[in-house]
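Working through the structure, step by step
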Amino acid sequence: MMKSIAILTPSYLPDLQSFVRLHESVLRCTEVETRHHVIVPRRDLKAFREIRSPRLQVWAESDFLPASFRPTDRLAALRRRLPILPSTINCSAINLHRPWPPVRGWILQQILKLSAATELQSDAVVIIDSDVILLRPMPAATYFQDDTVRLYEKPGAVTSDLERHTRWTRTAYDLLGIPWQGESSFPDYVGGIVSWDPNVVRACRQRIEFVTESDWATAVAGCLHFSEFILYGTYLRHFGTEGQLSFRGSSTLCHSYWSPSPLVGRGADSFLSAYDPRDLAVHVQSNSGTPQDVIDRIVAELVSRRAS
């Protein structure tokens, strides 16, 4: 029996143009059975539904949030119920079970991924950021070896000089109840394209609830430093079965630019030169401030190479 994938992308209105480009590439590069799911704030539903693609499902954030979570587009009503909230607050949701700290946008998106991954009725969920563009065919079979879903894992890539990654790893250990040994390096699991097994996500969430004696979303929402990808990979590394760990790859399959600085000039040329023809996609971080014409040139050059 053929395995199925669901592509999952949390997004919002400022990334609409990038998302449209991603979805167009999904239509070109994936099988007709593959559906693309985007989760957006309720206020952005209309704009994303205007894309009108038969293979796109647009969801509101509230469709996948626990009942105690309230997105900030309903914050006025929340302040009437919780007058302790400041009049200006930088957050994307409030958890009524634990109003402080409020849930920041970065954390909310990760909670949405961990929630939706078990609800999309597929054998694997492939998480792709809005600023990714697929360049080559990406059949569902890419992510399966027999019944095992592919795990991106780059051994030893997280060292002390990667402070944020180290913090994310420490948070994963705490949530999963793993003693911290202060190892000199850890695997990296962060990428522009990452595949998850819904059954593993479910088991990982259950582990968090066992360790924290709290619902998993509340436990995650209270973290200052968190990576959903490192959580998933760390769970598999320590609790996965031999079968679940039998299909691992050290490439994200996506050529990514993660720097917050614009990709221009020689930097863009170097980025092009480093592209691995086995990669399925290209990814230039949206907050890098890279001009759109530079991204267009990079994509056009890589498409041209593939055609030649």
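The coordinates are above.
Cut-offs used in this document
Residues numbered from 1 in each chain as written. Predicted model: local features only at pLDDT ≥ 70, side-chain atom pairs only at ≥ 80, totals over all residues. Heavy atoms only, no water. Helix = DSSP H or I, 4+ residues; strand = E, 2+ residues; numbered from the N terminus. Polar contact = N/O pair within 3.5 Å; in protein donor to acceptor, adjacent residues only side chain to side chain. Contact = heavy atoms within 4.5 Å. Expected span 1.5 Å × (residues − 1). Buried < 20%, exposed > 50% of the residue type's maximum accessible area, 1.4 Å probe, protein only. Arc of directions from axis to C-beta. Axes fitted to C-alpha atoms, helices over the stretch in contact; angles between N-to-C directions. Parallel < 35°, antiparallel > 145°, perpendicular 65-115°, else oblique. Nonpolar A, V, L, I, M, F, W, Y, C, P; charged D, E, K, R; others polar. 1 Å grid on protein atoms, 1.4 Å probe; cavity = no way out; pocket = protein on both sides within 12 Å on 5 of 7 lines; lining within 4 Å. Points joined across faces, edges and corners; volume = space filled by probe spheres on them. Salt bridge = Lys/Arg side-chain N within 4 Å of Asp/Glu carboxyl O.

Its place among the elements puts Thr 148 in strand S9 (residues 148-149). Of note is the side chain of Thr 148, whose polar atom sits 2.9 Å from the backbone oxygen of Gly 243. A distance of 3.2 Å separates a polar atom in the side chain of Thr 148 from a polar atom in the side chain of Ser 246. When sequence neighbours within four positions are dropped, the list of residues in contact with Thr 148 reads Tyr 143, Gly 243, Gln 244, Ser 246 and Phe 247.

What follows covers helix H6 (residues 198-212). One turn of the α-helix equals 3.6 residues, which is why residues spaced by three or four share an orientation. For H6, with 15 residues, the first-to-last C-alpha span of 21 Å sits near the 21 Å given by 1.5 Å per residue. Buried residues of H6: Pro 198, Val 200, Val 201, Cys 204, Arg 205 and Ile 208, and no others. Taken down its axis, H6 places every buried residue within 160 degrees of arc, on the same side. The exposed set on the far side of H6, more than 90 degrees from its buried face, consists of Asn 199 and Phe 210. The inward-facing, buried residues of H6 abut helix H4 (105-116), strand S6 (124-128), helix H5 (163-176), strand S13 (193-196), helix H7 (216-221) and helix H8 (228-239).

Bringing the packing of H4 against H8 into the picture now. Packing of H4 against H8 leaves a shortest axis separation of 9 Å and a crossing angle of 45 degrees. When the axis of H4 is compared with that of H8, the two are oblique. Between H4 and H8, the residues in contact are Gln 110, Lys 113 and Leu 114 and Glu 228, Phe 229 and Leu 231, respectively. The class makeup of the residues in the contact of H4 with H8 is 3 nonpolar, 1 polar and 2 charged.

Turning our eyes to something else, we now look at the environment of Trp 216. As for its position among the elements, Trp 216 is in helix H7. A residue is classified by how much of its surface remains accessible, and Trp 216, at 10% relative accessible area, is buried. Taking the C-alpha atoms as reference points, Trp 216 and Ile 39, separated by 177 residues in sequence, lie 20 Å from one another. Here Trp 216 is in contact with Ile 111, Leu 114, Ser 115, Arg 205, Ile 208 and Glu 209, once residues within four sequence places are set aside.

What follows deals with empty space enclosed by the protein. Under the criterion given, the structure shown has 2 cavities of 30 Å³ or more. The wall of the second largest cavity is formed by Leu 151, Tyr 152, Tyr 189, Val 194, Ser 195, Trp 196, Phe 229, Tyr 232 and Gly 233. Of all the secondary structure elements, the ones that give two or more residues to the lining of the second largest cavity are strand S10 (151-152), S13 and H8.

What follows deals with the layout of surface pockets. By volume, the largest pocket amounts to about 1,500 Å³. Around the largest pocket, the lining comprises 48 residues; the ones closest to its centre are Trp 106, Asp 129, Trp 258, His 283 and Gln 285. Looking at the lining of the largest pocket, the elements that each hand over two or more residues are H4, H5, H8 and strand S15 (254-257). By residue number, the principal contributor to the lining of the largest pocket is H4, which donates 5 residues. Counted by class, the lining of the largest pocket contains 16 nonpolar, 19 polar and 13 charged residues. Lining of the second largest pocket is provided by 21 residues; of these, Ser 18, Asp 131, Ser 286, Gln 292 and Ile 295 occupy positions nearest its centre. Listing elements by their share of the lining of the second largest pocket, those giving two or more residues are helix H1 (16-29), strand S7 (132-134), strand S16 (281-284) and helix H10 (292-307). Residue contributions to the lining of the second largest pocket peak at 4 residues, all from H10.

This paragraph deals with the pattern of salt bridges. Where charged atoms from two side chains of opposite charge come close, those side chains can pair. For the structure shown, the criterion picks out 11 salt bridges. For Glu 153, the salt bridge is made with Arg 248, and the minimal N-O distance between the two is 3.2 Å. With a gap of 95 residues between them, Glu 153 in the loop between S10 and strand S11 (154-159) and Arg 248 in strand S14 (residues 248-249) connect regions that are remote in the sequence. A salt bridge links Arg 278 to Asp 276; its shortest N-O distance comes to 2.8 Å. The exposure class of Arg 278 is exposed, given its relative accessible area of 65%. Overall, Asp 276 belongs to the partly exposed group, its relative accessible area being 25%.

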